[in-house]
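# Report on the structure
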Amino acid sequence: MTDSNWKRGGNIIIALIILVLTIPDLDMPYTKNYNLSFCSDSEVIEVERFDFFACEIGYLEGEMSLILQLISSESENWGLVDSFGDSPINILILNQQNYNNFYDKENYDVSNIEFLSLNINEDNKDLSINFPIIDIPSDYYFLVFDWEYGKEDEADYASTSTLDISYYIQFRDSGYWESRPY
Amino acid sequence: MLVLLDSANYLLEVYFWLILGSILLVTLTIIFARPAPSQLNDNNEYDLKEGIVTEKASDDHHANTERKEIDDKELNKEEIEEEQEVLIQQAKKQWALAFTIFGLSFMTVGSIVIYFFEYTFTTFFGSCMIYVGVMSIVKGMTLQLSELGLVKKIVPIGIFFLNFGLISLILYLIEVDIQPWMMMDTGIRSSYLFVIYVLPYLIWTIVPSFNTTKEVKSTYPWASIILKNNLKFILFNFIIISILNLNLISLPFLRQVTKGALEFSIYILMITVLLETVAFIRKPKATSNEIDQTEDLDAKITTDYDRTEEGLAIRDFYEEEENEYFSTEVIEQEEKNDR
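Computed from a predicted model, the values in this text were never measured in an experiment.

Rules and cut-offs
Residues numbered from 1 in each chain as written. Chains lettered and ligands numbered in written order. Predicted model: local features only at pLDDT ≥ 70, side-chain atom pairs only at ≥ 80, totals over all residues. Pairing = 2+ DSSP bridges. Helix = DSSP H or I, 4+ residues; strand = E, 2+ residues; numbered from the N terminus. Contact = placed C-beta atoms within 7 Å. Nonpolar A, V, L, I, M, F, W, Y, C, P; charged D, E, K, R; others polar. Axes fitted to C-alpha atoms, helices over the stretch in contact; angles between N-to-C directions. Parallel < 35°, antiparallel > 145°, perpendicular 65-115°, else oblique. Left-handed = near helix turned anticlockwise from the far one by under 90°. Core = buried A, V, L, I, M, F, W, Y, C linked by C-beta atoms within 7 Å. Buried ≥ 20, exposed ≤ 12 C-beta atoms within 10 Å, placed from the backbone.

A few words on the pairing of strand β5 (residues 162-173) of chain A. Residues and elements named next belong to chain A. Relative to β5, strand β1 (residues 42-48) is paired through 7 bridges, and the arrangement is antiparallel. Residue pairing across strands places Ser 42 opposite Tyr 168, the latter belonging to β5. Where strand β2 (residues 51-69) and β5 come together, 6 bridges link them in antiparallel fashion. Looking at β5, one finds that Leu 66 is bridged to Phe 171.

As structure tokens, then:
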């Protein structure tokens, strides 16, 4: 085997390692950020209890409008709320630093107080949130669905279960929806 | 009114710093473009070594003549190469100054356009002029830099960050609202990747660089070349993202673009690794032979040269046709007969 073949073979092996490392949803502590995919406008995700789902929103800045909706079917909404019970799913929009803190199970903050209203629980049964104007500090943001991530030890029973959630999210300039009916 | 005054002052300050920076760049370029002091002073003391040269009759007149001709040719080649290098250096200096003057004028005109006109188009036009001007000045400066491996590797990275800074400035000046990556369609994403990654590369390759080192064309299969470059691209973006993840500096826009580029390059990697694997499995011997031939080109030239020096007798018989191999011997025999 010649040197050139070794080089080419080495490149192929490195490429395969990179591809394996960047498989979405692969639970690897070191690749906590860069293997995350960008969020879609709407998609169905699977969240496991005592875990979380995260995707990357990207760069946000200034006054924007935010629309967040979960499953459109009413019956499914109620089922979803019931299934939360005493363990609600927190929907979070976190910047880079707070996401890192969240991932490391440390104390984290939110960039805007309005982001705390994204939580879904029994009091918020329509599962739809609409902020016409929300001031977002310039940063890189992540969308996180947290279902008691890191609280496994505190739970009375540590039985894991999964939940399919369909979400729809839109960020636009604050004046966008005034000119276009939604 | 106060807001307008504030923005005017801010623009004036930007203009001031741009002019100051460009004057500094021109000064540096002129310093680099000047001939070295050692070349100006011709009164150097040489380390002379004494020796005796004696004339001696040659044993083999034919061989000595051939050797002399080869030496003369080598000397001529060296002289021509030296002359070419001197000409290239002169051309480099002239182009460096031309780039600097051109760039400075563009920057000045661009700044004036931005300052005096408030239309979106004029702001965009002026910003583009500043962009071209700065890139031109830096191109002029790099012409004077050495062609060492380290400098060659650092310059593209520096150009990437410079280009990124200038594009961010343009986007700021023309008040473009940058959308989050997830909300962009494919066209806008591609535009961002083109402007940040491809545009500086195009500008750099279109403009001549006067490299004295000859580039050897690689005979690696194209899939192999793309794969290698793609791996470098992934590594570059991965390093940037890793640095930004440390939260030492906050550059969210850069994070967004590099993440987008990383995601795109991963898709390309899937295709290229497949193509390269197929190429590697299908034609390993032929391709590797070709590559080895290129890599050992110098060695081959040296070997051929040695063979010529040593004569045909030691050349492998199978390499030559029979008639051609014995042609010189036949000619020599005929010459002897004529005598």
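So much for the structure itself; the text now carries on.
Contacts between the two partners involve 32 residues from chain A and, on the opposite side, 32 residues from chain B. Of all the secondary-structure elements, those providing two or more residues to the side of chain A that touches chain B are α1 (3-21), β2, α3 (96-103), β4 (128-147) and β5 of chain A. With 11 residues, the top contributor of residues to the side of chain A that touches chain B is α1(A). In terms of residue class, the side of chain A that touches chain B is built from 14 nonpolar, 13 polar and 5 charged.

Further remarks concern the packing of helix α6 (residues 186-206) of chain B against helix α8 (residues 252-282) of chain B. All names here are of chain B. Close contact between α6 and α8 brings their axes to 10 Å; oriented N to C, the two are set at 105 degrees. Taken as axis vectors, α6 and α8 run roughly perpendicular relative to one another. Side by side, α6 and α8 meet where Arg 189, Tyr 192, Leu 193, Ile 196 and Tyr 197 of the first sit next to Val 257, Gly 260, Ala 261 and Phe 264 of the second.

Another aspect to go through is the packing of helix α7 (residues 222-245) of chain B against α8(B). Residue and element names in this part refer to chain B. Taken N-terminus to C-terminus, the directions of α7 and α8 make an angle of 150 degrees; their axes are 8 Å apart at the nearest point. By the criterion of interaxial angle, the relationship of α7 to α8 is roughly antiparallel. Handedness of the crossing formed by α7 with α8: left-handed. A class-by-class count of the residues in the contact of α7 with α8 yields 17 nonpolar, 6 polar and 3 charged.

For Ser138(A), the position within the fold is in strand β4. Expressed as a C-alpha distance, the spacing of Ser138(A) and Gly62(A), which sit 76 residues apart in the sequence, is 6.7 Å.

Here the focus is the nonpolar core. Ranked by internal contacts, the top residues of the largest apolar core, which has 44 residues, are Leu94(A), Phe142(A), Leu143(A) and Val144(A). Listing elements by their share of this core, those giving two or more residues are β2, β3 (90-95), α3, β4 and β5 of chain A together with α6, α7 and α8 of chain B. Residues within four places of Val144(A) in sequence aside, it is in contact with Phe52(A), Ala54(A), Leu92(A), Leu94(A) and Phe102(A). Listed in part, the 15 residues of the second largest apolar core include Met107(B), Met129(B), Ile130(B) and Val134(B).

These figures capture arrangement, not role.
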